[in-house]
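# Topology and contacts: notes
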Amino acid sequence: MLENVLEVGQQPEALIVYASLGKAARDWPAYRAIHDALQKLEETETLVIQSGKPVAILPTPATSPLVVIATNNMVGRYATPEVFYERMAAGQTIWGGLTAGAWQYIGSQGVLQGIYEVFRAAARDPAGRLHGELRRRFILTSGLGGMGSAQPVAIRMTGAVGLIVEVDRERVRARLAAGVVDEAVDTVEEALRAVRRAQEGSRGWAVALRGNAAEVYPELVRRGVTPDLVTDLTAAHDARYGYVPAGLEISEWVEMRDREPDRVIDRARTSMAAQLRAMRAMQAAGAVVFENGNNLRVQAQSTGVTDAFEIPGFVERYIRPLFCRGIGPFRWVALSGDRADADRLDALASSLFPERPEVASWLELARRHMPVEGLPARSCWLGHGERSRLALAVNQLVAQGELSAPVLFSRDHLDAAGMTHPFIGTERMRDGSDAVADWPLLDAMLLCSTGADLVAVHAGGGGYSGLMQSAGVSLVADGSPSAAQRLRAALDADTGLGVVRYAEAGYELAATTAAETGIRRIIPQ
Ligand code: NAD
């Protein structure tokens, strides 16, 4: 998985996997030392990784994690972007992303189903005019990076027509060559023509526009264009390294961000404010507009856009009911690299949840639309009890030799128990507990005590500094009875704690889920 995150990552030569600076390891010596340690590690040992650097192999019981990781965790007052950049420059920390530094990233597919479900839920938003129908509708978004490039695929899956603004010519070229977007244009005029043409057709279509979102969005407002649905996935969370300010060429920006970081940050935030104001104007004109978890609203607010939070966040608006049921972005990886194994896993997962036919429908769509990146993997939103049911069935197949190698199970950190982020996962919690970070920490402890193979605790870097705490987990189904025990315990503890987190915050759906699935809550009277 360490090798795989680089294979499917954005800038492997710099160890950068996604989200602007999200890294797999501190530096190349650290990477090589991790690689070496993983080759030699015994079952009765645990490899300890501190912010992307291996620091020790310690003796532990055989059921303990093989790897524990803590990345960029700072005590409160020091968890600022300034301290992060300073410590990063000193070679002492990294931004591990959510899944980059925990070796769980599976390419843009990791967020694909999340984006697809969010688009579909946004189409049902009573604030809009879509009434649940996305076919031929116009979706405006931006960013074709590690995560952003899942957007055109999700758009095509819904049958909508997408315009995706991307500032980097090379990225546009690469996504076009890979078939991730259907066509690429250079001007707003051409883009609008392409969108109109595609709207007359009968299938989903994705147009990439080479341009800066801070210029294109306001230009669309000036022309009176109101898309049906509007969002953004530039790496806006990082004002220094993630968002290209309007009026700068990429090469100028790259040079300037180290020479004049404060100026770059100022210009990027001013540009983000312009983009966000345009999004507000589109919202006022009837578009459904939401932030997709990249901190754009926080950045715009910091430059004085006082109504930035009139735009809702995607989790609070569309995803929370799923988290209340423990349903979140689960994933598996066929470690053999063999397509036949991947097909067998898809078939098994499709047959296992007849009570939720949307699971099989999703898998069918994903098979049709998602190219294989690196090791064959599948992201699939499953809930409490469902993940362990699938994992145990897979472990059985491995034991019987029906799969040619073990299978890895993991998830995004943005999950019910796995994340505290007051502007993403835990925005506007019913009881106001948005910033309480005990839950991902409890989660990580439970995952260690239930014998998960890899457990990671990450905190935010760049513009996410001081705003995020998350926990991640990986488990390998190798067909052994020990794996079966640990898979069941760890996966159920993970989702069980997630359901409890939402029940504690006052969500009735979570309380009902807990009662129906036998989670033993304690409610002091
Ligand atoms: P990335 O750095 O790989 O890609 C960002 C892209 O935005 C790049 O291609 C860049 O050229 C482009 N860009 C930058 N400034 C631009 C501008 N002004 N106009 C147009 N394009 C511009 O990042 P990523 O991995 O794709 O992540 C994007 C964001 O999504 C990050 O903030 C990340 O933290 C967030 N994220 C969201 C979720 C989710 O579940 N919704 C999950 C993970 C990450």
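Residues numbered from 1 in each chain as written. Predicted model: local features only at pLDDT ≥ 70, side-chain atom pairs only at ≥ 80, totals over all residues. Heavy atoms only, no water.

The next point concerns the pattern of salt bridges. Should the charged atoms of two oppositely charged side chains come close, the side chains can pair. Within this structure, the stated rule accounts for 38 salt bridges. A salt bridge links R428 to E316; the nearest nitrogen and oxygen atoms lie 4.0 Å apart. Of this pair, R428 sits in the loop between β15 (419-420) and α16 (438-449) while E316 sits in helix α12 (residues 314-324); the two residues are 112 residues apart in sequence, bridging distant segments of the chain. The partly exposed category is assigned to R428, whose relative accessible area is 43%. Take E316: its relative accessible area is 26%, and that puts it in the partly exposed class. (Salt bridge = Lys/Arg side-chain N within 4 Å of Asp/Glu carboxyl O. Helix = DSSP H or I, 4+ residues; strand = E, 2+ residues; numbered from the N terminus. Buried < 20%, exposed > 50% of the residue type's maximum accessible area, 1.4 Å probe, protein only.)

Here the focus is the domain arrangement of the protein chain. Domain annotation of the protein chain identifies domain 1 (109-312) and domain 2 (320-517). Taken over C-alpha atoms, the centre of domain 1 sits 28 Å from the centre of domain 2. Listed per partner, the contact involves 20 residues of domain 1 and 23 residues of domain 2. Counting the surface domain 1 buries against domain 2, the share from its top three residues, Q109, Q113 and M157, is 35%. Remark: the boundary between domain 1 and domain 2 carries eleven residue pairs in polar contact (both at pLDDT 80 or more). Elements supplying a minimum of two residues to the side of domain 1 that touches domain 2: α4 (109-123), α5 (150-158) and α11 (296-302). Of the residues forming the side of domain 1 that touches domain 2, the biggest block, seven residues, is contributed by α4. Split into classes, the residues belonging to the side of domain 1 that touches domain 2 amount to seven nonpolar, nine polar and four charged. (Domains from an automatic or database assignment. Contact = heavy atoms within 4.5 Å. Buried area = accessible area lost by both parts, 1.4 Å probe. Polar contact = N/O pair within 3.5 Å; in protein donor to acceptor, adjacent residues only side chain to side chain. Nonpolar A, V, L, I, M, F, W, Y, C, P; charged D, E, K, R; others polar.)

Summed over the entire model, instances satisfying the criterion amount to two cavities of 30 Å³ or more. Roughly 180 Å³ of internal volume is contained in the largest cavity. Taken together, 18 residues form the lining of the largest cavity, with A342, V372, P376, A377 and R378 sitting closest to its centre. Elements supplying a minimum of two residues to the lining of the largest cavity: α13 (339-352), α14 (357-369) and β13 (377-382). At five residues, the largest contribution of residues to the lining of the largest cavity is made by α13. Of the residues in the lining of the largest cavity, the class split is eleven nonpolar, one polar and six charged. Roughly 40 Å³ of volume is contained in the second largest cavity. Looking at the second largest cavity, the residues that line it are N72, M74, Y78, A79, T80, F84, G460, S465 and G466. Residues that form the lining of the second largest cavity fall into these classes: four nonpolar, five polar and no charged. (1 Å grid on protein atoms, 1.4 Å probe; cavity = no way out; pocket = protein on both sides within 12 Å on 5 of 7 lines; lining within 4 Å. Points joined across faces, edges and corners; volume = space filled by probe spheres on them.)

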